[in-house]
Amino acid sequence: MAEVPSTPEPIQRLIEALHRLPGIGPKSAQRPAYPIPRTSEQEALALTEAVMDVKRRIRLCSVCLNITEADPCGYCSDDRRDKTVVCVVEQPLDVLAIERSGGYKGQYHVLHGVLNPIEGVGPEDIHVRELVIRLQAGEIQEVIMATNPSLEGEATAMYVQRLLGPAGVRVTRLARGLPSGADLEYTDDVTLARALEGRREI
Amino acid sequence: MSTRPRSYNTEGVVLRRRNLGEADSIFTVFSPTEGKFDAIAKAVRKPKSRMRGHLEPLTRSQMHLAHGRNLDVFTQAETIAAYLTVRDDLDRLTLAVYCCELVDRFTVDRAVQAELYDLLVDLLEALDAGAPLTVGRYFELRILASTGYEIQLSRCAICGGSIPEGETLFSVGSGGLVCAGCRGSAGAGRLISVRAIKAMRFATGATMGQFAGLRLEAELEAELQRALSEAIRSVLERETNSGRYVEALAGPLQRPVHEAPGDVQ
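What you see is a predicted model, and the numbers here were worked out from it, not measured in a lab.

Sorry if this is basic, but what is going on with the overall build of chain A here?
From N to C terminus, chain A includes eight helices and six strands. Starting at the N terminus and walking to the C terminus, you meet the elements of chain A as α-α-α-β-β-α-β-α-β-α-β-α-β-α. By its C-alpha atoms, chain A is 65 × 45 × 35 Å across when sized along the principal axes. With 202 residues in all, chain A has 27% of them scored as buried.

In structure tokens, the structure reads:
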């Protein structure tokens with residue numbers, strides 16, 4: 001950012017650190033950085049400690065790879081949850097989304113990524129191998145692929161199906177169809193074709 | 001003030017998508033009338049977006065764009081063909097993505113190459129209609145030819161002499177087949193079989209449909225694949241992402257598990 005030479009060096013460093021976070025552009029990084037000199041030392045410390053606390057205390061669950069403080073995580077150690085079904089998602093945030101829906105009481109597996117042929121992200125770059133190992137214990141009977149209905153998510157689902165299908169595990173895919181409040185007129189062909197395929201009696 | 005219209009229509013195939021900020025995405029599109037270009041779709045990652053499904057990679061769409069300061073902005077998009085069969089099969093999907101990456105790497109922004117666009121659409125349609133995966137080899141040969149790297153298959157690439165029937169040196173650095181007498185002056189290369197030479201010669205005069213009708217044995221198919229991906233790598237001076245991905249899919253999960261799964265990477 002050579003066009004703002006008047007920015008003091010410490011602020012510049014903070015801006016650059018914020019800018020490295022996902023979803024933060026150069027402008028959105030400046031906005032929280034400039035007011036920092038006016039905040040109390042307490043508030044500044046609280047921020048740094050909160051960041052460090054996350055880094056020190058949060059780890060990946062050794063079973064499902066979700067982010068957690070206790071290992072195994074709350075979902076994996078909860079005996080009331082179904083141990084025979086595992087829902088495979090791309091990111092920890094997807095676990096929250098599925099929990100919010102309230103319709104699922106099984107296990108999770110977080111891949112921390114998705115196969116992306118366009119960018120060259122292969123099976124070695126995401127946590128698929130851990131899923132295969134989990135299945136070897138024999139308790140899991142169904143794997144629900146809950147990756148996004150994008151090209152990358154579909155590629156991942158098909159890959160996992162190909163990997164696990166021959167082992168006799170039931171691999172299922174989330175239904176694809178119209179979102180609530182959608183406009184049929186603006187719906188793309190793929191979604192509409194899938195919605196027709198997956199239609200149900202009412 | 002310029003008098004150019006504020007917006008324009010074009011059709012195109014979406015080659016790739018990159019996310020931008022909270023909810024926007026940048027799409028790379030290859031169009032028969034505009035060439036390859038990047039454009040922004042605003043709020044396309046929000047669930048209520050009307051354009052999202054029409055701009056997935058590998059979709060052929062009719063698009064309406066407004067000129068922007070840096071990048072143009074999509075205002076409407078409607079699918080022409082979504083190639084559902086391609087999306088439902090991992091091998092077809094991977095090949096289609098590989099061909100899209102080739103188009104992306106062999107073209108420069110806003111250079112119109114209508115012939116190459118037709119080739120890409122032909123490929124997607126053929127794959128969607130169930131053509132064998134060998135059409136990928138046809139695509140590789142044709143994209144090399146249409147971007148100025150045609151492989152010399154009829155005469156020696158160095159002396160112009162005739163090529164006697166038999167195993168012949170295939171040297172990408174020299175431009176194609178090299179006769180026995182010129183081998184010393186050719187760079188690195190590989191020997192290829194008569195059958196492979198014939199298949200490639202056939203491809204230069206055939207349509208994609210005719211080539212798809214050719215029954216290639218697995219061994220010959222593998223030979224062509226090795227020779228052509230080497231040619232592509234040599235021209236691009238790099239590996240393709242999707243090429244590496246294909247290799248990763250072929251040898252899945254060979255490495256030991258990450259030592260400490262408890263560590264956040």
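On we go from here.
What should I look at first to understand the interface of chain A and chain B in this one?
Counting residues at the interface gives 37 residues for chain A, matched by 33 residues for chain B. Those elements that provide at least two residues to the side of chain A that touches chain B are strand S1 (59-60), helix H6 (129-136), helix H7 (151-164) and helix H8 (189-197) of chain A. The greatest single-element share of the side of chain A that touches chain B, amounting to seven residues, is contributed by H7(A). Grouping the amino acids of the side of chain A that touches chain B by side-chain chemistry returns 18 nonpolar, eight polar and 11 charged.

For this particular structure, what's the right way to read the environment of B:Cys179?
Residues and elements named next belong to chain B. With respect to the helices, strands and loops of the structure, Cys179 is situated in the loop between strand S7 (176-178) and strand S8 (190-192). Sequence-wise, Cys179 and Ala129 are 50 residues apart; in three dimensions their C-alpha atoms are separated by 39 Å. Not counting the four nearest positions on each side in its chain, Cys179 is found in contact with Cys156, Cys159, Gly161 and Ile163.

What should I look at first to understand the sheet that holds S7(B) in this one?
The strands making up a sheet associate through hydrogen bonds between their backbones, and the pairing can be parallel or antiparallel. Residues and elements named next belong to chain B. Read from one edge of the open sheet, three strands run S7-S6-S8, paired in antiparallel fashion. If you trace the sheet from one side to the other, it starts and ends with S7 and S8, each paired once. Each neighbouring strand pair of the sheet contributes to a mean axis angle of 45 degrees, computed without reference to strand direction. Note that strand S6 (residues 168-171) and S8 share three bridges and pair antiparallel.

For this particular structure, what's the right way to read the packing of helix H2 (residues 90-106) of chain B against helix H3 (residues 114-128) of chain B?
A pair of packed helices is captured by two measures, namely the crossing angle of their axes and the spacing between those axes. Residue and element names in this part refer to chain B. One way to put it is that H2 packs onto H3 with a least axis distance of 10 Å and a crossing angle of 175 degrees. Our classification of the angle between H2 and H3 gives roughly antiparallel. Touching Arg92, Leu95, Ala96, Cys99 and Val103 of H2 are Leu116, Leu120, Leu123, Leu124 and Leu127, all from H3. Considering only residue class, the contact of H2 with H3 consists of nine nonpolar, no polar and one charged.

What is the right way to look at the nonpolar core in this model?
Note that soluble globular proteins tend to have their nonpolar side chains buried in a common cluster. In this structure, A:Val88, B:Ala96, B:Cys99 and B:Leu120 are the most contacted members of the largest nonpolar core, which totals 102 residues. No other element matches H2(B), which puts nine residues into this core. Discounting residues that sit within four places of it in the chain, B:Cys99 has contacts with B:Leu120, B:Leu123, B:Gly136 and B:Phe139.

What is the right way to read the packing of helix H5 (residues 194-205) of chain B against helix H7 (residues 218-236) of chain B from this model?
Residue and element names in this part refer to chain B. At their nearest, the axes of H5 and H7 sit 10 Å apart, and the two run at 70 degrees to each other. Between H5 and H7, the angle is such that the two are roughly perpendicular. Each of Arg195, Ala196 and Ala199 in H5 lies in contact with H7, whose residues at this interface are Leu220, Glu223, Leu224 and Ala227. When the residues that make up the contact of H5 with H7 are grouped by side-chain class, the tally is five nonpolar, no polar and two charged.

The rules we used
Residues numbered from 1 in each chain as written. Chains lettered and ligands numbered in written order. Predicted model: local features only at pLDDT ≥ 70, side-chain atom pairs only at ≥ 80, totals over all residues. Helix = DSSP H or I, 4+ residues; strand = E, 2+ residues; numbered from the N terminus. Buried ≥ 20, exposed ≤ 12 C-beta atoms within 10 Å, placed from the backbone. Contact = placed C-beta atoms within 7 Å. Nonpolar A, V, L, I, M, F, W, Y, C, P; charged D, E, K, R; others polar. Pairing = 2+ DSSP bridges. Axes fitted to C-alpha atoms, helices over the stretch in contact; angles between N-to-C directions. Parallel < 35°, antiparallel > 145°, perpendicular 65-115°, else oblique. Core = buried A, V, L, I, M, F, W, Y, C linked by C-beta atoms within 7 Å.

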